[in-house]
Amino acid sequence: MRRIGVLTSGGDAPGMNACIRAVVRAGLAAGLEVAGIRRGYLGLLAGELEPLDRPDVVNVIQLGGTILGTARAPRFERREGRDAARQILADAGIGGLVLIGGDGTLKGGGALVDEGGPACIGVPGTIDNDLLGTDRSLGFATAVDTALGAIDRIRDTATSHEILHVVEVMGRHSGWIALASGVAGGAEAIVVPETPTDLDAMADRIRDEIDHGKRAVLVVVAEGDPSGGAVAIADHLAAALDLESRATILGHVQRGGSPIAADRILGTSLGAAAVDSLLEGRNAVMVGEVGGRIVHSPFAEATSGPAPLDPHLLGLLDRFG
Ligand code: ATP
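Rules and cut-offs
Residues numbered from 1 in each chain as written. Predicted model: local features only at pLDDT ≥ 70, side-chain atom pairs only at ≥ 80, totals over all residues. Heavy atoms only, no water. Helix = DSSP H or I, 4+ residues; strand = E, 2+ residues; numbered from the N terminus. Buried < 20%, exposed > 50% of the residue type's maximum accessible area, 1.4 Å probe, protein only. Expected span 1.5 Å × (residues − 1). Contact = heavy atoms within 4.5 Å. Salt bridge = Lys/Arg side-chain N within 4 Å of Asp/Glu carboxyl O. Patch = residues over 30% accessible without salt bridge, like charges linked within 9 Å, V, L, I, M, F, W, Y side chains within 5 Å. Areas by Shrake-Rupley, 256 points an atom, 1.4 Å probe, with all protein chains shown as cover. Lys, Arg positive; Asp, Glu negative; His and termini not counted. Charge placed at Lys NZ, Arg CZ, Asp CG, Glu CD. Axes fitted to C-alpha atoms, helices over the stretch in contact; angles between N-to-C directions. Parallel < 35°, antiparallel > 145°, perpendicular 65-115°, else oblique. Left-handed = near helix turned anticlockwise from the far one by under 90°. Pairing = 2+ DSSP bridges.

K.L.:
Could you give me a rundown of unusual backbone geometry, with the residues and numbers involved?
P.N.:
With an omega of 10 degrees, the peptide bond between glycine 117 and proline 118 qualifies as cis. Within the secondary structure layout, proline 118 lies in the loop between helix H4 (103-114) and strand S5 (119-124). Residues glycine 305 and proline 306 are joined by a peptide bond in cis, for which omega reads 10 degrees. With respect to the helices and strands, proline 306 occurs in the loop between helix H10 (299-302) and helix H11 (311-320). A positive phi is found at asparagine 59, a non-glycine position, where the angle reads about 65 degrees. Positionally, asparagine 59 belongs in the loop between strand S3 (49-52) and helix H3 (79-91). Looking at asparagine 59, the relative accessible area reads 58%, which means it is exposed. One non-glycine residue with positive phi stands out, namely alanine 284, at about 55 degrees.

K.L.:
An account of H4 is requested, with residue identities and associated values reported.
P.N.:
For H4, spanning 12 residues, the distance from its first C-alpha to its last is 17 Å, which sits close to the expected 16 Å at 1.5 Å a residue. Taken as a whole, H4 has its buried residues at Thr105, Leu106, Gly108, Gly109, Gly110, Ala111, Leu112 and Val113. On its buried side, H4 packs onto helix H2 (40-45), H3, strand S4 (94-101), S5, strand S10 (285-290) and H10. Glycine 116, located one to two residues past H4, shows a positive phi value of around 135 degrees.

K.L.:
Kindly report on the pattern of salt bridges, identifying the contributing residues and their values.
P.N.:
Under the defined criterion, the tally for this structure stands at 16 salt bridges. Close ionic contact of arginine 86 with glutamate 115 constitutes a salt bridge, the shortest N to O distance being 3.7 Å. Here arginine 86 is found in helix H3, whereas its partner glutamate 115 is found in the loop between H4 and S5, with 29 residues between them in sequence. Arginine 155 serves as the salt-bridge partner of glutamate 188, at 3.4 Å between the closest nitrogen and oxygen. Residue glutamate 188 is located in the loop between helix H6 (176-184) and strand S7 (189-191), and its partner arginine 155 is located in helix H5 (residues 140-161); the two are separated by 33 residues in the primary sequence. Several salt bridges converge on common partners, so that one network encompasses Arg79, Arg82, Asp83, Arg86 and Glu115.

K.L.:
I'd like to hear about a negative patch on the surface, residue by residue, with values.
P.N.:
Judged by side-chain charge, Asp198, Asp200, Asp204, Asp208 and Asp211 come together as a negatively charged surface patch. Summarising the element assignment, aspartate 198 is placed in the loop between S7 and helix H7 (199-211).

K.L.:
Tell me about the packing of H5 against H6, and please be specific about residues and values.
P.N.:
Interaxial distance between H5 and H6 falls to 9 Å at its minimum, and their mutual angle equals 50 degrees. With respect to H6, the axis of H5 lies oblique. Relative to H6, the crossing made by H5 is right-handed. Mapping the contact onto sequence places Phe140, Ala143, Val144, Ala147, Leu148 and Ile151 in H5 and Trp176, Ile177, Ala180, Ser181 and Ala184 in H6.

K.L.:
Explain the environment of proline 196 to me, using residue names and the numbers behind them.
P.N.:
Along the polypeptide, proline 196 turns up in the loop between S7 and H7. On the accessibility criterion, proline 196 (82% relative accessible area) is exposed. Residues proline 196 and glycine 10, spaced 186 residues apart in sequence, show a C-alpha to C-alpha distance of 29 Å.

K.L.:
Lay out the sheet that holds strand S6 (residues 164-169) with the relevant residues and their values.
P.N.:
Hydrogen bonds along the backbone pair up the strands of a sheet, which may run parallel or antiparallel. The strand order across the open sheet formed by four strands is S7-S8-S6-S9, and the pairing between neighbours is parallel. This sheet does not close on itself; its edge strands, each paired only once, are S7 and strand S9 (245-249). This sheet shows a mean twist of 15 degrees between the axes of neighbouring strands, independent of strand direction. One ladder, built from five bridges, connects S6 with strand S8 (residues 218-222); its direction is parallel. Counted as the bridge partner of histidine 165 is leucine 218 from S8. Lying on the sheet, helix H8 (residues 230-241) is in contact with S6, S7, S8 and S9; it crosses S9 at an angle near 165 degrees.

By themselves these figures say nothing about function.
Written as structure tokens, this is what we have:
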């Protein structure tokens, strides 16, 4: 293998640039050429490949988003699209790919490998933290921190005005961001899609807290919870408790921003591990970190989630949230 490619795909996540940088530096150090593929599988299909050298990854470790860009590419979900991509990679002499993205990105890599390659190594890059085979995916820690900053600010105003606030954080199928930011923010209730929600029981519990002197009530909800988003829950609780309420939907602010140290370190560690994996002859596996150690999980296993919520944190909900 003389040349490898790297792409970012699916939703962007803070820490992706640290990972791209690590792939380039580890690749060059091993005597490989590294090609950056722009805009994920969409750019691959358009032949948007360019050599990446050390100067191309200077001053990027602290940047949010992805310097390579990302996109959704429905054509890559079809055999015809993947065959076209394989030809483009073969013409460019690329013998291995590092795919930084979420569940869909890794499924795409799995299909590419099954149909003839080249070798693909995945890096979990999604703020949702919904992949199996890693304790954390790139961007999750930063997204939680960003959500927490907003929650803290909202709590200040909630305390001053004695108004009930419901904050909606990202997570269409996964409550990881809600659970982590809600626990860290001392939320009175946390609503996640993984567990059933009884809004009337929640209202009773909050009433009890108010009766015991609670002045600020803050509820954190994951956007994908079937009981409805922040607006629906705020309306329900306001009616049940006869309180004024406000709903805040944090939205895309959670995706952006400079990665916190944990994501820069994880991106660097997993990027280097992905290059090592290609050099060791591994294929169709995702590199992850479990208990502080690098592990390799077959794509099929890593994408068989969504990853269950941390049972210990979830248990705290019954006691504190
Ligand atoms: P995020 O978790 O941030 O949404 P993701 O990687 O899951 O990231 P997707 O949009 O689901 O994001 O997938 C990214 C791209 O991967 C798709 O646009 C498509 O090109 C490709 N892809 C997704 N699913 C498949 C699949 N089953 N087979 C082949 N390619 C796929």
